[in-house]
Amino acid sequence: WRGWEGAPYSTLVPSDEVTINYRHGLPVITLMLPTRSERCQFTVKPVVTTVGAFLQDVQREDKGIQRAEVFAADGSKVSDATLMEILLMNDFKLVINDTAYSVSPPVKDKLSSEHATEMEDVKSLVHRLFVALHLEDHQIRKERELLQKLDHLKGELLPLEQMKARITDSADAKTSRLLWVGLALMSTQGGALAWLTWWVYSWDIMEPVTYFITYGSAMAFYAYFVLTKQDYIYPHAKDRQFLHYFYRKSRKQRFNVERYNKLQNGLAETEESLRRLRQPLHLRLPIQEISDKD
């Protein structure tokens, strides 16, 4: 029989040279150490011990072992990362130096439903104890990480906030000037119509003129609705004009609005996560779930 790399083994020892028995629910592997010529028992924890860890224990016990490997029944090598629980489900071959041991693990009795329920309860209790013992350390570590992230975001936002304040002041000033210009034009129009009506012409002549001015204004408001899909409401129109000036000024000064909004959202999410984290810290309650969206 040849191994994974095709190297022949000198002997193939029967399965009775390597025995596996269960004691207190744990498998005990008994094998003959080649250089010490004595049998040695290895108790493994199948759910946490890997094949590589088991082989290292064997080599540490006998310094004369130069090679220790495990192969499946079909000749394929078993990875060192494989759990012993998986390995003990089927027959395998244990190779120590040039000797291959054929191993047939015993069939482990299935746990009764009552015992299985007790085991699940014990696992749940252990998990709750672990969480209770390590929760506060986790919360403090998470709070420190959030505070560092908060300081970093505030540092990046500071120059952007200063630039945004200047752009906002400029856009607000232009919007206010536009509103005052509109008021001045309406006042001038009203004065001109009054002057033409009472001093130059009569109302019979000016009435059609005022009608077409009113109709033209209605057409302008309707055109505004067609273009913007919004009614011409003065506060909304003012905000729209403000945004127009703001984005135009931002492009001139190369102010990255998208990056600023992203940083603001990250700052708000970090502050909310910090608030939710500090609440159970003060009240000694289980921590609420905090989801990372980076």
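Conventions adopted
Residues numbered from 1 in each chain as written. Predicted model: local features only at pLDDT ≥ 70, side-chain atom pairs only at ≥ 80, totals over all residues. Heavy atoms only, no water. Pairing = 2+ DSSP bridges. Helix = DSSP H or I, 4+ residues; strand = E, 2+ residues; numbered from the N terminus. Axes fitted to C-alpha atoms, helices over the stretch in contact; angles between N-to-C directions. Contact = heavy atoms within 4.5 Å. UniProt positions renumbered as here; feature names shortened; annotations may be inferred. Buried < 20%, exposed > 50% of the residue type's maximum accessible area, 1.4 Å probe, protein only. Expected span 1.5 Å × (residues − 1). pLDDT = per-residue confidence, 0-100. Salt bridge = Lys/Arg side-chain N within 4 Å of Asp/Glu carboxyl O. Patch = residues over 30% accessible without salt bridge, like charges linked within 9 Å, V, L, I, M, F, W, Y side chains within 5 Å. Areas by Shrake-Rupley, 256 points an atom, 1.4 Å probe, with all protein chains shown as cover. Polar contact = N/O pair within 3.5 Å; in protein donor to acceptor, adjacent residues only side chain to side chain.

### Digging into the sheet that holds strand 3 (residues 26–33)
The sheet built from three strands is open, its strands ordered 2-3-4 with antiparallel pairing. The open sheet has two free edges, formed respectively by strand 2 (19–23) and strand 4 (38–43), since each of these has just one partner strand. The mean inter-strand angle of the sheet, taken between neighbouring strand axes irrespective of direction, is 30 degrees. In this structure, strand 2 lies alongside strand 3, joined through five bridges in antiparallel fashion. What sits directly across from tyrosine 22, in strand 3, is proline 27. The strands that helix 1 (residues 51–61) touches are strand 3 and strand 4; relative to strand 4, the one it contacts most, it runs at about 145 degrees.

### Details of the UniProt feature "transmembrane region" (unreviewed entry) in the chain
Taking the numbering used here, the UniProt-annotated feature "transmembrane region" (unreviewed entry) corresponds to residues 178–197 and 209–227. Helix makes up 100% of residues 178–197 and strand 0%, whereas the separation of the span's terminal C-alpha atoms amounts to 28 Å.

### Here's the deal with unusual backbone geometry
A positive phi angle, close to 55 degrees, is found at asparagine 97, a residue other than glycine. Counting through the fold element by element, asparagine 97 comes out in the loop between strand 6 (92–96) and strand 7 (99–103). A residue is classified by how much of its surface remains accessible, and asparagine 97, at 21% relative accessible area, is partly exposed.

### Things to note about helix 4 (residues 203–228)
Taking 1.5 Å per residue as the helical rise, helix 4 with its 26 residues ought to reach 38 Å, and the 37 Å between its terminal C-alpha atoms agrees with that figure. Taken together, the buried positions of helix 4 are Met206, Thr210, Tyr224 and Thr228. Phi turns positive, to about 60 degrees, at lysine 229, one or two residues after helix 4.

### With respect to the confidence of the model for the chain
Detailed reading of the predicted coordinates is not advisable wherever pLDDT falls low. Per-chain confidence: the chain averages 78 in pLDDT, with 79% of residues scoring 70 or above. Within the chain, strand 5 (residues 68–72) carries the highest mean pLDDT (88), whereas strand 1 (residues 11–13) carries the lowest (52). Note on residues 1–10: pLDDT under 50 across the span, and 23 contacts to partners over four residues away in sequence or across chains. Across residues 281–294, where pLDDT falls below 50, the model places 20 contacts with residues more than four positions away in sequence or in other chains.

### Here's the deal with the pairing of strand 3
Among the eight residues of strand 3, six are classified as buried, and the element is accordingly described as predominantly covered. In this structure, the hairpin formed by strand 2 and strand 3 is closed by a connection of two residues, where histidine 24 is found at a positive phi of approximately 55 degrees. Bridge count between strand 3 and strand 4: six bridges; the pairing is antiparallel. When the sheet's bridge partners are listed, valine 28 is paired in strand 4 with threonine 43. Linking two consecutive strands that pair antiparallel, namely strand 3 and strand 4, is a turn of four residues; a positive phi of about 55 degrees is found at serine 37 within it.

### What to know about the pattern of salt bridges
If you walk through the whole model with that rule in mind, you get five salt bridges. Of the charged contacts in the structure, one is a salt bridge between glutamate 272 and arginine 275, with a shortest N-O distance of 2.6 Å. Remark: arginine 275 and glutamate 272 occur in helix 6 (residues 257–283); sequence separation between them is three residues, near one turn of the helix. Taking relative accessible area as the criterion, glutamate 272 reaches 34% and is therefore assigned partly exposed. Here the salt bridges share partners, and the residues they tie into one network are Arg67, Glu69 and Lys77.

### A short note on a nonpolar patch on the surface
On the surface, a cluster of nonpolar side chains totalling about 780 Å² of accessible area is made up of Trp195, Trp198, Trp199, Val200, Tyr201 and Ile205. Per element, the largest residue contribution to the nonpolar patch is four residues, and it comes from helix 3 (residues 113–200). Considering the arrangement of structural elements, one finds tryptophan 198 in helix 3. Take tryptophan 198: its relative accessible area is 65%, and that puts it in the exposed class.

### Observations concerning the side chain of threonine 175
Mapped onto the elements of the fold, threonine 175 is located in helix 3. A relative accessible area of 2% places threonine 175 in the buried class. Within the local environment of threonine 175, its side chain forms a polar contact with the backbone oxygen of alanine 171, the two atoms lying 2.8 Å apart. Sequence-distant contacts of threonine 175, that is, excluding residues within four places in its chain, are made with Lys238, Gln241, Phe242 and Tyr245.

### Observations regarding the pairing of strand 5
Two faces, one strand: in a regular strand the side chains alternate between the faces of the sheet. Among the five residues that make up strand 5, four are buried, leaving the element largely enclosed by the rest of the structure. The sheet contact formed by strand 5 and strand 6 spans five bridges and is antiparallel. Opposite phenylalanine 71, over in strand 6, you have lysine 93 as the bridge partner.

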